[in-house]
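Each chain, written out:
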Amino acid sequence: MSKGNCYHCGIEFTTEIIPFDEKKFCCNGCKTVYEILNINNLNCYYDLESAPGTIPTEIKGKYNYLEEPEIISKLVEFDDGDTTVVTLYVPVIHCSSCIWVLENLNKLNEGVKTSIVNFPKKTVRITFKNVEVSLKEIVELITSIGYEPYISLEDADNNKRKVDKTLIYQIAVAAFAFGNVMLLSFPEYFEVEEFWLDKYKVLFRWIMFTMSVPVVFFSAKDYFISAYKGLSHKILNIDIPIALGVFVLFVRSTVEIVFDIGTGFFDSLTGLVFFLLLGKFFQQKTYSFLSFERDYKSYFPIAVTKLNKEKEENILVQDIQIGDRLLIRNEELIPVDGILINGEAMLDYSFVTGESLPVGKNSGDKVFAGGKQTSGAIEMEVLETVSQSYLTQLWSNDVFNKNEGKNIKNITDSISKYFTMAILIISTLAGVFWYLKDPMIAINVVTSILIIACPCALALSAPFALGNMLRIFGKKKFYLKNAEVIEKIAKIDTLVFDKTGTITSNDESKLEYQGAELSSDEKSNIKRLVRSSNHPLSRALYDFIEENTTEKSIVAFEEIVGKGIQGEVDGDFYKIGSASFVDAEKDNSFNTSIYISINNKVKGKFVFKNSYREDVEKVFSSLNKEYDLVILSGDNEGEKNYLKSILPENTKLIFNQKPENKLEYIKSLQKEGKKVMMIGDGLNDAGALAQSNVGISISENINVFSPACDAILDASLFQKLPQFFKLSKKTMSIIVASFIVSFLYNFVGMYFALTGNLIPVVAAILMPLSSITIVVFVTVLTNFFAKNS
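The structure presented is a predicted model; accordingly, all values stated were derived computationally and were not measured.

Asker: Please clarify how the overall build of the protein should be interpreted in this entry.
Answerer: Scanning the protein from terminus to terminus reveals 27 helices and 28 strands. Across the 789 residues that make up the protein, the buried fraction comes to 51%. Contacts in the protein between residues at least 24 apart in sequence constitute 67% of all its contacts with a sequence separation of at least 6. If you sum the accessible surface of the protein, you get close to 36600 Å²; carbon and sulfur atoms cover 55% of it.

Asker: Can you help me understand the sheet that holds strand β25 (residues 652–654) in this one?
Answerer: Whenever strands of a sheet pair, they do so through backbone hydrogen bonds, lying parallel or antiparallel. Judged by pairing direction, the sheet is mixed, and its seven strands sit side by side in the order β16-β28-β27-β26-β17-β24-β25 without closing on themselves. Each edge of the open sheet is held by one strand with a lone partner, namely β16 (478–480) and β25. Ignoring strand direction, the axes of neighbouring strands in this sheet form an average angle of 20°. Helix-sheet contacts for helix α24 (residues 659–671) involve β17 (494–497), β24 (628–632), β25 and β26 (676–680), and the interaxial angle to β26 is about 160°.

Asker: Got a minute to help me understand the confidence of the model for the protein in this structure?
Answerer: Do not read the fine detail of predicted coordinates wherever pLDDT is low. For the protein, per-residue confidence averages 77 on the pLDDT scale, and residues scoring 70 or more make up 76% of the total. When pLDDT is averaged over each helix and strand of the protein, the minimum, 48, is found for helix α7 (residues 153–158) and the maximum, 92, for β17. Confidence drops under pLDDT 50 across residues 155–161; counting only partners more than four residues distant or on other chains, this segment forms nine contacts.

Asker: Looking at this structure, I do not really get the packing of helix α20 (residues 520–531) against helix α21 (residues 536–544). What am I missing?
Answerer: Helices that pack against each other are described as a pair by the angle of their axes relative to one another and the distance between those axes. Taken N-terminus to C-terminus, the directions of α20 and α21 make an angle of 145°; their axes are 9 Å apart at the nearest point. For the pair α20 and α21, the sense of crossing is left-handed. In contact with Ile526, Lys527, Val530 and Arg531 of α20, α21 contributes Ser538, Leu541 and Tyr542. Residues that form the contact of α20 with α21 fall into these classes: four nonpolar, one polar and two charged.

Asker: Looking at this structure, how should I read the environment of Asn624?
Answerer: If you trace the backbone, Asn624 turns up in the loop between α22 (616–623) and β24. The exposure class assigned to Asn624 is partly exposed, which follows from its relative accessible area of 25%. On a C-alpha basis, the gap between Asn624 and Pro648 in space is 7.0 Å, while along the polypeptide they are 24 residues apart. In contact with Asn624, other than residues within four places in its own chain, are Leu629, Pro648 and Asn650.

Asker: For this particular structure, what's the right way to read the environment of Gly111?
Answerer: Here Gly111 lies in the loop between α5 (105–108) and β5 (112–118). Separated by 23 residues in sequence, Gly111 and Ser134 place their C-alpha atoms 8.7 Å apart. Those residues in contact with Gly111, other than ones at most four positions away along the chain, are Thr127, Phe128, Lys129, Glu132 and Val133.

Asker: Quick question: what am I supposed to make of unusual backbone geometry here?
Answerer: Glycine aside, the phi torsion of most residues is negative, and most peptide linkages are trans. Backbone geometry places Asn599, a non-glycine residue, at a positive phi of 55°. One can find Asn599 in the loop between β22 (592–598) and β23 (601–612). The backbone of Asn600 shows a phi angle near 65°, a positive value even though the residue is not glycine. Along the chain, Asn600 falls in the loop between β22 and β23.

Asker: Help me understand the packing of aromatic side chains, please; the structure alone is not making it clear to me.
Answerer: Working definition: an aromatic ring pair is given by the centre-to-centre distance plus the angle between the planes. Scanning all chains against the criterion turns up 19 aromatic pairs. Where Phe209 meets Phe250, the ring centres are 5.9 Å apart and the plane angle is 15°; that geometry is what we call stacked. In this pair, Phe209 sits in helix α10 (residues 201–219) while Phe250 sits in helix α12 (residues 239–258), placing the two residues 41 residues apart along the sequence. The exposure class assigned to Phe209 is buried, which follows from its relative accessible area of 18%. Note on Phe433 and Trp434: the rings are 5.7 Å apart at their centroids and 85° apart in plane angle, and the pair reads as edge-to-face. Through a chain of ring-to-ring contacts, the aromatic side chains of Trp206, Phe209, Phe217, Phe250 and Phe266 assemble into a single cluster. We note Lys527 situated over the ring of Tyr542; from NZ or CZ to the ring centre the distance is 4.9 Å. Sitting over the face of the ring of Phe581, Lys575 holds its NZ or CZ atom 4.7 Å from the ring centroid.

Asker: What should I look at first to understand the packing of α22 against helix α26 (residues 721–754) in this one?
Answerer: Relative to each other, α22 and α26 sit at 30°, their axes nearing to 9 Å. Judged by the inter-axis angle, α22 sits roughly parallel to α26. Each of Val619, Ser622 and Leu623 in α22 lies in contact with α26, whose residues at this interface are Pro722, Phe725 and Lys726. The residue makeup of the contact of α22 with α26, split by class, is four nonpolar, one polar and one charged.

Asker: Is there a simple way to explain the sheet that holds β5 in this structure?
Answerer: The strand order across the open sheet formed by four strands is β3-β4-β6-β5, and the pairing between neighbours is antiparallel. The open sheet terminates on both sides in strands that have one partner only, identified here as β3 (76–79) and β5. Across the sheet, the mean angle from the axis of one strand to that of its neighbour is 15°, orientation sign disregarded.

Asker: Quick question: what am I supposed to make of the pairing of β22 here?
Answerer: Side chains on a regular strand alternate between the two faces of the sheet. Within β22, seven of the seven residues are buried, leaving the element largely enclosed by the surrounding structure. Side chains Thr592, Ile594, Ile596 and Ile598 project from β22 onto one buried face, and the interleaved Ser593, Tyr595 and Ser597 project onto a second face that is buried too. In the sheet, strand β21 (residues 572–577) pairs with β22 via four bridges, with the strands oriented antiparallel. Following the sheet pairing, Lys575 is matched in β22 by Ser597. Two strands pair when backbone bridges link them, and β22 and β23 are joined in this way by seven bridges, in the antiparallel orientation. If you follow Ile598 over to β23, its bridge partner there is Lys601. Hairpin geometry of β22 and β23 is characterised by an intervening segment of two residues between the two adjacent antiparallel strands and by a positive phi of about 55° at Asn599.

Asker: It is not clear to me how a nonpolar patch on the surface should be interpreted in this structure. Could you clarify?
Answerer: Where nonpolar side chains cluster on the molecular surface, the patch consists of Val202, Trp206, Leu244, Phe247, Val251, Val255, Val258, Phe259 and Ile261 and spans about 820 Å² of accessible area. For the nonpolar patch, the elements supplying multiple residues, two or more each, are α10 and α12. With five residues, the top contributor of residues to the nonpolar patch is α12. With respect to the helices, strands and loops of the structure, Val251 is situated in helix α12.

What counts and what doesn't
- Residues numbered from 1 in each chain as written.
- Predicted model: local features only at pLDDT ≥ 70, side-chain atom pairs only at ≥ 80, totals over all residues.
- Heavy atoms only, no water.
- Helix = DSSP H or I, 4+ residues; strand = E, 2+ residues; numbered from the N terminus.
- Buried < 20%, exposed > 50% of the residue type's maximum accessible area, 1.4 Å probe, protein only.
- Contact = heavy atoms within 4.5 Å.
- Areas by Shrake-Rupley, 256 points an atom, 1.4 Å probe, with all protein chains shown as cover.
- Pairing = 2+ DSSP bridges.
- Axes fitted to C-alpha atoms, helices over the stretch in contact; angles between N-to-C directions.
- pLDDT = per-residue confidence, 0-100.
- Left-handed = near helix turned anticlockwise from the far one by under 90°.
- Nonpolar A, V, L, I, M, F, W, Y, C, P; charged D, E, K, R; others polar.
- Phe/Tyr/Trp six-rings, centres within 6.5 Å; stacked < 30°, edge-to-face > 60°.
- Lys NZ or Arg CZ within 6 Å of the ring centre and 35° of its normal.
- Parallel < 35°, antiparallel > 145°, perpendicular 65-115°, else oblique.
- Patch = residues over 30% accessible without salt bridge, like charges linked within 9 Å, V, L, I, M, F, W, Y side chains within 5 Å.
- Salt bridge = Lys/Arg side-chain N within 4 Å of Asp/Glu carboxyl O.

Structure (structure tokens):
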């Protein structure tokens, strides 16, 4: 007789029982975990799932090696001396309780700031304060509550994870059993009597039963586990009908051979599981082959300025080599780990740690990828290149996601849930009907319905369509944060454009200087100052001034967004920006100008004549057919008349807008029920980009990388915006079409199953084929429309 189960881990008692707090535990480890959770008010860990824990291992002295700096440096992905970020692989993560307790580590130790679980990859990303807790203590903490991480220094060096071959083994067992059961079933098929009937019939049937047991309890176990977890959380997932079908076949077949009623359905059972797993394998391979999950990161458009002896040049992150010397301007992101060589850094690591307080660094200090420089230009030497996936991971952080309520995933999940419910009801009614009419057929009908009407194809259509289009956009240099952005783009009805750096080109702007003559040293100092800024006008002015930049250091550099920059060079105080910023009298020419003030005396101004991007008129004319268009600019009205002449007449032109004004304007449109897309330069427009439903940053070989934007467009492809928007809408139409195809398939399959004309083995073959068909359908169509756009 069973003595019961441990309250924490659920294991059946085999030795002594340890009672505590009116509960029973199998060992002191489980009791200690319960005490830790109880003391820290984390008791609801046990409410999410019964006995969700694992037995903690002995940890005394086990992790002493995590005190070695060299080993720590291999394992952590970020460490600025104050805050550390580490991702640990925890293979025992298996349920919602695991996620809940691991994401509440800050309640167990105040040194932990955040902990985020990636359930599919079974990892937990922990951010902690070095002063309050060490990496060793973090690992000991999660081990003590039953979540021992798998730490391999070989993995740290090679960044590899062991390949899980369980599915291969499950298929092998099912294939072996299926082949042999079919062989042993031949005499039954051909109704061989006499010698067979007397000597081997019973033996063969029990051999078939024996071979079917590992198929049900090993090969098909994932379906039962998934179904159980779904039901325990009151969720009807798509594995429930499959698990029920396998269970019904196994029980019915076992009853038949035990009572010598018949031969059972072991051939159908083993064949069903084999073909289901085979379909699952091919789905995984197809998914891997398309591999749209972040493939575009190799094209990621982050450019950085590399310093050579002769010149400065813009290069892409993937071209950075160890030992390169890089220039990082104000508000630029550090793309790789390195050593600070020149300048004083104030780095905002909120991208990495979630904390926006800038961290000061001096020459010789190590700086990490993901930090944003906030106080002028610095120079650094590259220590190691970083994978694009790291920067992509930062960009995709859930912290920056915009919750838009219902999306295609929510809708698909809802349909799948009700679909499963409907299948269970239909199969029950059909089973009752056929049982009364012909009990032998009833079992086949019920099982076939449960298998053939699987909503797998329905669930796959949206991820594959959106994911493949995400990959296509990446190849076309339109980089989206995630697949959901495509759906958001399809819903947009209002487009808001910034002017400078968005519809104008920095490369071709024409400048002239008006005012008191500037000396060669003054021009050189101005060039030195604007070199630190990433604003499109600063970059244009830097390219315009021919003098070599001075090597003199800048003191008290500051960039005031929407106004200008200031700083002291060689004892002289410079202010460069708008007329109001330098206290100059504004003229009435309405041209875009950068005013220069030295020691609070206005010297003159650089006047810009903007050059507009290729096909601006054509782009706006095309977009005007489907969207409300707005130009929202921080510049004056100097080119208002020109813009009126080239843009559609109903385009709204709004000038003299500060960054906060832009944000408020976006809010006002949204209050009217508009779905707004903001297209800007990613620097001054960060607030508006974040507020909009979709924010697109135009990249012109500039390292402006903001979590606020949902997409980055290579500036040279501005004229392709209409095509990208049309492709987004067509992608959503493809998903709707795939839903219709999936429903038609299920309707036809259901008809044959209900009429008793479909056996379970055939249903098991058709079910994965339907999923693969949908995947091919959406992939071919998205590729076709992309090719012909």
